[in-house]
Amino acid sequence: MKNRLKRFDYGLIIVIMAISIFGLVMVYSSSYTLSTLQHGHGYFFFMRQLQLFGVGLFIFVIISFISLKTLGKLSPMLILLSVILLGLVLVPGIGLVRNQAQRWLGFGPLVFQPSEIVKVFMIIYFAYIYAKKQPYIDQFKKGVLPPLVILAVVFLLILEQPDLGTATHILLICGLIVVFSGVRFHHIFLLATIAASGITFFAISQPYRMQRLTSFLNTFDDPSGDGYQLINSYVSIATSGLFGNGLGNSVQKLGYLPEAHTDFIMAVIVEELGIIGVLTVIGGYIFILYRGIQISKEVDSMYLKLLALGVTFQITLQAIFNLGAVSGMLPITGIPLPFISYGGTSLIFTLLSAGILVNVSGRRPLPDAQKLS
């Protein structure tokens, strides 16, 4: 335990905590008006996020110290649980419908989104399985294909909710783990072609998905309809300047910008804190990406390498998806900004993922100088 504490990446921990606390501040700022209108006071969403941050922080600490080897051995059971939860979401009367999507499960006051849990479980499973398959990783049927069947099932279940954004996010994370595991190039090319074709097919096969793609490319064609949210995000960006209008002084959050405290919280950040605020947040994600890659290079076990890379790219790809949507560079997918957007399931399980990365950092070999001291 003492050696583990010495090896923890404390720079990484500080940045994760700083982004999370900053997220609490911005949830309060971006949701105050809506909270007052809906609940009679401005603290409702902030207090819920604060409570869930407390739960996430507790899980973060616990996960930082647990046995990752045991977690890997349990991963097949976690995948079974994932499939069951995703199946229950689609059962009428059990899965909860919000905004024309059936993505949530509720047990009394507890409401959560299983796909956020599945992201983490899939990373653990893929890292563990592909580490075990190293002796025959160059054999497609035996070494590469079996876990991809599970991935296909999970992808299709999430797609039925419908949630192409999260399904694609999980597909990309797992695909990167496969690439980093040492699979042959022609196998990678084959899988990438199949994945790209599949995503394209599902993206254009439903009118509403096609409408999202075209609305993001032609935002101003329907300013009061499909383009409304993104246009108001543009207004936030355009009126921000270098230092913004000051914390709490966003105009767009006053009923103009839908989802101001969730998916589009970055629009409020840029309006209130300017380009400096945005660059600071992006710098935090870049630091997590850099440290995650470095940690993966410093551990000896292939399982730990893949686990570190999977968690790192889970966080950074999610940030890219969200920032791309807010800036109009990517379609709007409903993927939250990690550690910052309002949403309990996302915050808790992103902190869980971060705890796994910190755990891996504690398993790096000590430098020779520290071994001798």
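Residues numbered from 1 in each chain as written. Predicted model: local features only at pLDDT ≥ 70, side-chain atom pairs only at ≥ 80, totals over all residues. Heavy atoms only, no water.

Caption draft 1: Broad picture of the overall build of the protein. Helix and strand counts for the protein stand at 15 helices and three strands. Here the protein has a C-alpha radius of gyration of 21 Å; the compact-globule value for 373 residues is 21 Å, and the two agree. Over its C-alpha atoms, taken along the principal directions, the protein stretches across nearly 55 × 55 × 40 Å. Out of the 373 residues in the protein, the part that is buried amounts to 51%. Considering only contacts in the protein between residues 6 or more positions apart, those separated by 24 or more positions represent 72%. Carbon and sulfur atoms provide 69% of the accessible area of the protein, an area that totals close to 16,900 Å². Here the protein contributes 24 positively and 15 negatively charged side chains, and the mean placements of these two sets differ by 16 Å. (Helix = DSSP H or I, 4+ residues; strand = E, 2+ residues; numbered from the N terminus. Rg over C-alpha atoms; globule rule 2.2 N^0.38 Å. Buried < 20%, exposed > 50% of the residue type's maximum accessible area, 1.4 Å probe, protein only. Contact = heavy atoms within 4.5 Å. Areas by Shrake-Rupley, 256 points an atom, 1.4 Å probe, with all protein chains shown as cover. Lys, Arg positive; Asp, Glu negative; His and termini not counted. Charge placed at Lys NZ, Arg CZ, Asp CG, Glu CD.)

Caption draft 2: Representation of the packing of helix H6 (residues 114–132) against helix H13 (residues 302–327) within the structure. Relative to each other, H6 and H13 sit at 150 degrees, their axes nearing to 8 Å. By the angle class used here, H6 and H13 are roughly antiparallel. Our pair here, H6 against H13, has a crossing hand that is right-handed. Contacts from Lys119, Val120, Ile123, Ile124, Ala127, Tyr128, Tyr130 and Ala131 of H6 reach H13 at Met302, Tyr303, Leu306, Leu307, Gly310, Val311, Gln314 and Gln318. Looking at side-chain class alone, the contact of H6 with H13 contains twelve nonpolar, three polar and one charged residues. (Axes fitted to C-alpha atoms, helices over the stretch in contact; angles between N-to-C directions. Parallel < 35°, antiparallel > 145°, perpendicular 65-115°, else oblique. Left-handed = near helix turned anticlockwise from the far one by under 90°. Nonpolar A, V, L, I, M, F, W, Y, C, P; charged D, E, K, R; others polar.)

Caption draft 3: A nonpolar patch on the surface, seen in detail. A cluster of nonpolar side chains, contributed by Leu242, Phe243, Ile275, Ile276 and Leu279, occupies part of the molecular surface with about 490 Å² of accessible area. Inspection of the secondary structure puts isoleucine 275 in helix H12 (residues 265–298). (Patch = residues over 30% accessible without salt bridge, like charges linked within 9 Å, V, L, I, M, F, W, Y side chains within 5 Å. Salt bridge = Lys/Arg side-chain N within 4 Å of Asp/Glu carboxyl O.)

Caption draft 4: Inspection of helix H14 (residues 344–361) at higher detail. Over its 18 residues, H14 runs 26 Å from end to end, which matches the ideal 26 Å to within 8%, given 1.5 Å per residue. With 18 of its 18 residues buried, H14 lies for the most part within the structure. (Expected span 1.5 Å × (residues − 1).)

Caption draft 5: Broad picture of helix H7 (residues 140–159). The largest bend in H7 amounts to roughly 30 degrees and is located at proline 146. Among all positions in H7, only Gly143, Val144, Pro147, Leu148, Leu151, Val154, Phe155, Leu157, Ile158 and Leu159 are buried. (Bend = angle between axes of the 7 residues up to and from the residue.)

Caption draft 6: The sheet that holds strand E1 (residues 95–98), seen in detail. Strand order in the open sheet formed by three strands is E1-E2-E3, and the pairing between neighbours is antiparallel. The open sheet has two free edges, formed respectively by E1 and strand E3 (110–112), since each of these has just one partner strand. Looking at each pair of strands side by side, their axes are set apart by 40 degrees on average, direction ignored. The pairing of strand E2 (residues 101–107) with E3 spans three bridges and is antiparallel. Directly across from glycine 106, in E3, lies its bridge partner valine 111. Across the face of the sheet, helix H5 (residues 75–89) comes into contact with E1, E2 and E3 while running at roughly 110 degrees to E2. (Pairing = 2+ DSSP bridges.)

Caption draft 7: Spatial organisation of the environment of valine 83. With respect to the secondary-structure elements, valine 83 resides in helix H5. A C-alpha to C-alpha distance of 16 Å links valine 83 and proline 162, two positions 79 residues apart in sequence.

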